[in-house]
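Letter by letter, the chains look like this.
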Amino acid sequence: MKSRILQRPSPHSAELLPKALHPVLRRVYAARGIKNQTDLDYRLGQLLPPQTLSGLSAAADLIINHIKSDGHIVIVGDFDADGATSTVVALRGLRMLGARDVSYLVPNRFEYGYGLTPEIVELAMQRDPDLLITVDNGIASYEGVAKARAAGIDVLVTDHHLPGLKLPDANVIVNPNLQGEDFASKSLAGVGVIFYVIMAVRRRMREQNSFSTDDFPEPNLGSLLAYVALGTVADVVILDRNNRILVEQGLRRIRTGDCSAGLLELINVAGKIRTSLTATDLAFGVAPRLNAAGRMDDMTHGIECLLTNDATLAKQLTMQLDRLNCERRDVEKNMHADAENLLRQREWNTEDGMPAALVLHDPGWHVGVVGLLASRIKDTTNRPVIAFADQEVDELKGSARSVPGFHIRDALHKLATTRPDLLQKFGGHAMAAGLSLKKSKLDEFTQEFTAIALDQLGHQEAGKVYFSDGGLSERELTLELAEILQFAGPWGQGFPEPLFDNKFEVVDWRVVGERHLKMTLRPCNTQHEIAAIAFNAEQPFDPGTRITAVYRLGVNDYRGTRQAQLVIEYFESAQD
């Protein structure tokens, strides 16, 4: 499938932005909807006020009552990076606020599935809890919440996933996506929601004069922001201004070492430099290693890594996570090859005849990796994709990834409303969702889901789309601009890292690391040369070949020498 390069439109004029900014950065910001300097003010005081999120006052009162009575608080987490960081923020935050009896429980993906299920409540009851707090889950846990309440256990649900037609009967629910909720940021990750809860508890305790100078000083919650940043980036939620503040403030604290030894060692194992860490480093270096625990084994390993301040234990746990991530890569590589074979076998006349959505299944696929597979196929086909793996004898567990303009969770909700016999469970948000159904219903589900996608999206051209911020002149291909762009984010979902496109002449090339292409390129009709690298691209060139390349302007820091380097995302033969 041939990729396409489209120029990113700009909803605002770059002339509205401060003249002190580099002209390229002004252009990039304008294309991302930045209107003025205020949009770039990432000070912590610029966060949306906690009192604007419904349920926080009641949540704070509930938690404080249990802290004062020395009640046992059990955090019920989730098995992805957002769930892991949410659990860590809840544990660390509550302990900082005086909770003496707080523990956590994270479901094993392969034994219990997602959320506060009745089985998880049974497991939690063995600990004799007084309060259950869900993080990054719970909004659809009707039976589990009911079981806990019937047993006399209080339940606080903190979640960010979209609710269904009914809500669980919890004591308190905090979720920015509840119907009628006025909180201005609907894109908070689960870790952002629990951070707001912890801030609300501190605020209420301050009002109650609970803090003293000597015995119990008011805690600084800033150290929690490192985990908020990691979970927010890892969950690929939209980086609206509020989320950018959370991520930027977390990155600043990581750069100064204000986080656990476990997180610092995880950054080190990922080959990233703490003092210059970016959101991109978190997304592609740190988050996959943390997520590998929940995908391949048990997220308890990841949570314990983030919690520990013991350097020796941190090394042991990060090496374990790194091994799991290597295993995950191998599994994902094989699954991707299987998926490509499935696509080649489909009887479509042309690529444009590809269905509006793709539903894929293989009985040998790993249930913990289908989300990554769906994401990769979505990127290369420009289609919503659902990948299914076998969960039980006649049950499939699926993970969905979407494209702009197609709200995947709403599509599943529509299907569940019109065909309630097809889906067993589902949940998620605009760009990602999870679901399960009977294997015998797969063909019917595929037909119905594809029809919904066709109705909403129409016929879309197949192939990956690259949105470019235009070209750079030879005078702009500099280390100075590369460094400016590196720290001009945080970049991520909804606020993408800048991509540029130009025509280049290949001066020379060599294969490095077995499958990466290291090149020297020259912008056409110039004498300027610049280093470039294309990962997982072994295609050689004859010297003098002209290519069109989509690239990021990066910084190559090798043995203390820093230089500008093009990181090639896509290239094709240049058309004269």
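Higher on the page you've got the structure.
Residues numbered from 1 in each chain as written. Predicted model: local features only at pLDDT ≥ 70, side-chain atom pairs only at ≥ 80, totals over all residues. Heavy atoms only, no water.

Engineer: Tell me what's going on with the overall build of the protein, and back it up with residues and numbers.
Structural biologist: If you tally the helices and strands in the protein, you get 16 helices and 17 strands. Taking 576 residues into account, the globule formula puts the C-alpha radius of gyration at 25 Å, and the protein, at 24 Å, falls close to it. A principal-axis box enclosing the C-alpha atoms of the protein has dimensions of 75 × 60 × 45 Å. Taken across its 576 residues, the protein has 54% of its residues classed as buried. As displayed, the protein offers around 24800 Å² of accessible surface, 47% of which is attributable to carbon and sulfur atoms. (Helix = DSSP H or I, 4+ residues; strand = E, 2+ residues; numbered from the N terminus. Rg over C-alpha atoms; globule rule 2.2 N^0.38 Å. Buried < 20%, exposed > 50% of the residue type's maximum accessible area, 1.4 Å probe, protein only. Areas by Shrake-Rupley, 256 points an atom, 1.4 Å probe, with all protein chains shown as cover.)

Engineer: Explain the sheet that holds strand β2 (residues 73-76) residue by residue, including any values.
Structural biologist: The strand order β3-β2-β4-β5-β6 describes an open sheet built from five strands, whose pairing is parallel. Each edge of the open sheet carries a strand with a single partner, namely β3 (102-105) and β6 (172-174). With direction set aside, neighbouring strand axes in the sheet form an average angle of 20°. Note that strand β4 (residues 131-135) and strand β5 (residues 154-158) share five bridges and pair parallel. In the strand pairing of β5, L131 is matched with D154. Against the sheet, helix α2 (residues 56-68) contacts β2, β4, β5 and β6, and its axis sits at roughly 135° relative to β5. (Pairing = 2+ DSSP bridges. Axes fitted to C-alpha atoms, helices over the stretch in contact; angles between N-to-C directions. Contact = heavy atoms within 4.5 Å.)

Engineer: Lay out helix α15 (residues 442-457) with the relevant residues and their values.
Structural biologist: A rise of 1.5 Å per residue sets the reference length of α15, with its 16 residues, at 22 Å; its end C-alpha atoms lie 22 Å apart and thus fit the reference within 8%. Buried within α15 are the following residues: L442, F445, F449, T450, I452, A453 and L457. Seen along its axis, α15 keeps its buried residues to an arc of 160°; they face one direction. α15 presents D443, Q447 and D455 as exposed residues on the side facing more than 90 degrees away from its buried surface. Here the buried face of α15 lies against β7 (358-361), β8 (385-392), β9 (395-401), α14 (408-418), β10 (423-428) and β11 (432-438). One or two steps after α15, the chain reaches G458, where phi turns positive at roughly 70°. (Expected span 1.5 Å × (residues − 1). Arc of directions from axis to C-beta.)

Engineer: For the layout of surface pockets, give the residues involved together with the corresponding values.
Structural biologist: Here the second largest pocket defines a volume of roughly 250 Å³. Lining the second largest pocket are 14 residues; nearest its centre among them are K186, S187, I238, H429 and A430. For the lining of the second largest pocket, the residue count by class is seven nonpolar, six polar and one charged. (1 Å grid on protein atoms, 1.4 Å probe; cavity = no way out; pocket = protein on both sides within 12 Å on 5 of 7 lines; lining within 4 Å. Points joined across faces, edges and corners; volume = space filled by probe spheres on them. Nonpolar A, V, L, I, M, F, W, Y, C, P; charged D, E, K, R; others polar.)

Engineer: Go over the sheet that holds strand β13 (residues 500-512) with me, naming the residues and quoting the values.
Structural biologist: Strands belonging to one sheet form pairs held by backbone hydrogen bonds; the direction of such a pair is parallel or antiparallel. The strand order β13-β14-β15-β17-β16 describes a closed barrel built from five strands, whose pairing is mixed. Pairwise comparison of adjacent strand axes, ignoring direction, gives a mean angle of 45° for this sheet. Both β13 and strand β16 (residues 546-558) contribute to a ladder of six bridges, which runs antiparallel. Paired with N502 across the two strands is A549, which belongs to β16. Helix α16 (residues 479-486) contacts β13, β16 and β17 (561-573) of the sheet and is inclined by roughly 80° relative to β16.

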